[in-house]
Amino acid sequence: MVQPLLKYPDSRIRLISANVRFFNDELHQWITDMVDTMKANDLDALSAIMIGVQYNVIVIKNADDYIPYINARLIKCSGKLTQTERSTYYEGFTVDVERFENVTVIYEDEKGEPHHQDLSGDSARIFQHQLDYSFGSTFVDRVDREMKQRINDHLEFGLIASGSTCPMVFVRDYFKRGAKYVMALIAVSFIIVFFASEGVRRLIYQVDIYLLLAVPVLMIAYFFYALYESRLYKQCTSCQIGNIIGTTAIMATQLLIVGLGVFFWVAP
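As a starting point, this report considers the structure included with it. Numbers given for residues are sequential positions, taken from 1 along each chain in its written order. Side-chain atom pairs in this predicted model are given and counted only at pLDDT of 80 or more, local residue features only at pLDDT of at least 70, and totals for whole chains, interfaces and linings cover all residues. The basis for every side-chain value is the complete set of non-hydrogen atoms in the structure, without hydrogens or water.

## Remarks on the pairing of strand E3 (residues 65-86)
Keep this limit in mind: Whether two strands pair comes down to DSSP finding at least two bridges between them. Helix and strand definitions here come from DSSP, where helices need a minimum of 4 consecutive H or I residues and strands a minimum of 2 consecutive E residues; each element is numbered from the N-terminal end.
In this sheet, E3 lies alongside strand E2 (residues 57-62) in antiparallel orientation, the contact comprising six bridges. Paired with Val 57 across the strands is Ile 70, a residue of E3. Joining the antiparallel neighbours E2 and E3 is a turn of two residues, in which Ala 63 adopts a positive phi near 60°. Across 13 bridges, the pairing between E3 and strand E4 (residues 94-108) is antiparallel. Residue Glu 85 lies in a different strand from E4, and its bridge partner there is Val 95.

## Digging into a nonpolar patch on the surface
Inclusion rule: Only residues above 30% relative accessible area that lack a salt bridge enter a patch, with like-charged residues linked at up to 9 Å and the nonpolar side chains Val, Leu, Ile, Met, Phe, Trp and Tyr linked at up to 5 Å. Per-residue and other accessible areas follow the Shrake-Rupley method at a 1.4 Å probe size, with only the shown protein chains counted as cover for residues. A pairing counts as a salt bridge when a side-chain nitrogen of Lys or Arg comes within 4 Å of a carboxyl oxygen of Asp or Glu. Residue burial is assigned from relative accessible area. The probe radius is 1.4 Å, only protein chains are included, and a residue is buried under 20% of its type maximum, exposed over 50%, and partly exposed in between.
On the surface, a cluster of nonpolar side chains totalling about 530 Å² of accessible area is made up of Ile 191, Phe 194, Phe 195 and Trp 265. With a relative accessible area of 41%, Trp 265 lands in the partly exposed category.

## Description of the packing of aromatic side chains
Keep this limit in mind: The aromatic pairing rule takes the rings of Phe, Tyr and Trp, using the six-membered ring of Trp, and pairs them if the centres are within 6.5 Å, calling planes under 30 degrees apart stacked, those over 60 edge-to-face and the rest tilted.
Evaluated as defined, the whole model comprises 15 aromatic pairs. Between the aromatic rings of Tyr 225 and Tyr 228, the centroid separation amounts to 5.3 Å while the plane-to-plane angle is 65°, which identifies the pairing as edge-to-face. On the criterion of helical spacing, the pair formed by Tyr 225 and Tyr 228 is a turn pair, its members being three residues apart in helix H5 (residues 198-232). Exposure remark for Tyr 225: the relative accessible area of 29% places this residue in the partly exposed category. For Tyr 228, a relative accessible area of 38% corresponds to the partly exposed category. Through a chain of ring-to-ring contacts, three or more aromatic side chains come together here, namely Tyr 8, Tyr 89, Tyr 90 and Phe 139.

Here it is, written out as C-alpha cells:
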C-alpha cells in the first residue's frame, strides 16, 4: 500500500531507527509498502522512517528489482565525491554534498540472512543518503555552516533540530587507524633487518622504540575520546562501552606482539 512520505516540518525525521529483531510478515508488509511508495513517487531508494516506520530498513531499486537492506552499516569507506542532491523531505532544495565514493556495507535481507556488498559512485551516494535518514540525519547536516544558514533562513520554521545522531565516521577511529599504521610500520622493519648492516639495524631498533612509545599514546587517546563519543551518541551500538573496551584490548594485544618482535628480533 502506498504510504505518505514525511515532509518538512515533520519532526519524526530526527528519530533514530531501531534495528530489526524480527523477520516476519510485519517486516515484509513494511517492505511492500516501501516498494509501492517508491513506485508511486518514482523514487530510486527509500528509508523506512520516510513512511513513519522507525526501523533501520532501506530499499534501493536496481533495474527492475527492489532490494531491501535491513540493519545496514558501513564498514569500509574510501575516496570522496561531491555531487548535487535533493530530498523528498526538504522539497525544492538542491545542495552539493560530499560523500564517500566507495563503501562496503553489511546488512541483512528480509529473511535475516547476513550479506556484505561493495558500492561505488551513484550507488554508494544513494545508499549513504538513505542511511542518513535511518540515523536521524538529513543532507543538510553535511553542508557547511553558510549553506545550512541559508536553508534555515529560507524555511518557514527553520531547520528541524538535529540532536545527537550517529555520524558515518567517528573521530576515535582516526586514533585507532593511526595506531594500526604505526604498528604496521614497525612490522615492516622485521623484514628490513634481514638485509641491514649492524649499524642500520641499530638505527632501525631505535626508531622502533620511539614508534612503540607512540602507540600507547594513540590507544589512550582512542579510549578516552571513545568514552566521550559514547556519551554524545548514546543511541549508537558502536558506542557501547563493551565495544570500546574490546577494541582497546585487541590493540593492546597487537602492541604486545609487535613489541616482543622488536625486542627479540630487531634488537641488535
